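Chain by chain, the residues:
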Amino acid sequence: MSGGHEFTVAGSAVRYDGAILALRVDDVQMPGGGVKQREVVEHDGAVAVVALDDQGRIALIEQYRHPLGRRLWELPAGLLDAPGEDPVDAAARELAEEVDLAADRWEVLVDLAVSPGFTDEALRVYLARGLRALPAAERADEEADLRWSWVALDEAAAMALRGDIVNATAVAGILAATRVVDGTATARPVDAPWTDRPRAFDRRKAARGERD
């Protein structure tokens, strides 16, 4: 009967161990007794924020992404790379660092497995409301070139459907937010379970002394 096989790992080797990801190759037991190699990119995971103001607008950033060689419209977002930091606190930190905003109310919109065929990278997208401005943050590297704009939520959804927004996290978060705002869906509390939050890369960094 299909669906009952236990995919155990018979062996594993790390091929690359870098600053923001590691690549390991697992020998996985397949149905019928065979063993196949599966490449797995380990990642810290990340958070993103749909920051919604009282006028129905959200904060969108435009940032250069080197793998695609161009600037993309995205949500404020960042890695879960601070030891012991709660995901919602990481989201608040990124909101302050990237768009100089703080929020009084936080909810979970969606949890995303980015590309589960080869990576454990996962993101949690929050809805932030009750916004207030903060002093401008200092930004470096790609973020020094970052610009951000207020965009009506409905227009942001239209941008996603037109292909003007292609960042997967942004598309998912924006479309989920439209459902919550129009009352056809309900967001979750910030302490909602996150089953697929990545842990492997965090443990790897702890083993090499990069975690407290």
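Everything quoted here is computed from the prediction, not taken from an experiment.

How each quantity is defined
Residues numbered from 1 in each chain as written. Predicted model: local features only at pLDDT ≥ 70, side-chain atom pairs only at ≥ 80, totals over all residues. Heavy atoms only, no water. Phe/Tyr/Trp six-rings, centres within 6.5 Å; stacked < 30°, edge-to-face > 60°. Buried < 20%, exposed > 50% of the residue type's maximum accessible area, 1.4 Å probe, protein only. Domains from an automatic or database assignment. Contact = heavy atoms within 4.5 Å. Buried area = accessible area lost by both parts, 1.4 Å probe. Salt bridge = Lys/Arg side-chain N within 4 Å of Asp/Glu carboxyl O. Polar contact = N/O pair within 3.5 Å; in protein donor to acceptor, adjacent residues only side chain to side chain. Nonpolar A, V, L, I, M, F, W, Y, C, P; charged D, E, K, R; others polar. Pairing = 2+ DSSP bridges. Helix = DSSP H or I, 4+ residues; strand = E, 2+ residues; numbered from the N terminus. Axes fitted to C-alpha atoms, helices over the stretch in contact; angles between N-to-C directions.

1. Re the packing of aromatic side chains
In this structure the tally under the stated criterion is two aromatic pairs. With a centroid separation of 5.3 Å and an interplanar angle of 75°, the aromatic rings of tryptophan 148 and tryptophan 150 are classed as edge-to-face. Residue classification places tryptophan 148 among the partly exposed residues on the basis of a relative accessible area of 28%. Residue classification places tryptophan 150 among the partly exposed residues on the basis of a relative accessible area of 30%.

2. Describing the domain arrangement of the chain
The assigned domain composition of the chain is domain 1 (8–42) and domain 2 (45–182). On a C-alpha basis, the centres of domain 1 and domain 2 stand 31 Å from each other. Tallying the contact residues gives five residues for domain 1 and four residues for domain 2. Both sides of the domain 1 and domain 2 interface together cover about 330 Å² of buried area, and 52% of this is carbon and sulfur. Between the two partners, domain 1 and domain 2, sit zero salt bridges. Our count for the contact surface shared by domain 1 and domain 2 stands at three residue pairs in polar contact (both at pLDDT 80 or more). When grouped by side-chain class, the residues that make up the side of domain 1 that touches domain 2 number three nonpolar, no polar and two charged.

3. With respect to the sheet that holds strand E8 (residues 101–113)
The sheet built from four strands is open, its strands ordered E7-E4-E9-E8 with mixed pairing. Pairing within the sheet leaves two strands with one partner each, and these edge strands are strand E7 (77–79) and E8. When strand polarity is set aside, the average angle formed by the axes of neighbouring strands in this sheet is 25°. Here E8 pairs with strand E9 (residues 122–133) via 11 bridges, running antiparallel. What sits directly across from alanine 102, in E9, is arginine 132. The sheet contacts of helix H1 (residues 87–99) involve strand E4 (46–51), E7, E8 and E9, and relative to E8 the element is tilted by about 115°.

4. So, the environment of arginine 70
Of note, arginine 70 is situated in strand E6 (residues 70–74). Given the relative accessible area of 42%, arginine 70 is considered partly exposed. On a C-alpha basis, the gap between arginine 70 and phenylalanine 118 in space is 24 Å, while along the polypeptide they are 48 residues apart. Those residues in contact with arginine 70 that sit more than four places away from it in its chain are Gln63, Tyr64, Arg65 and Val166.

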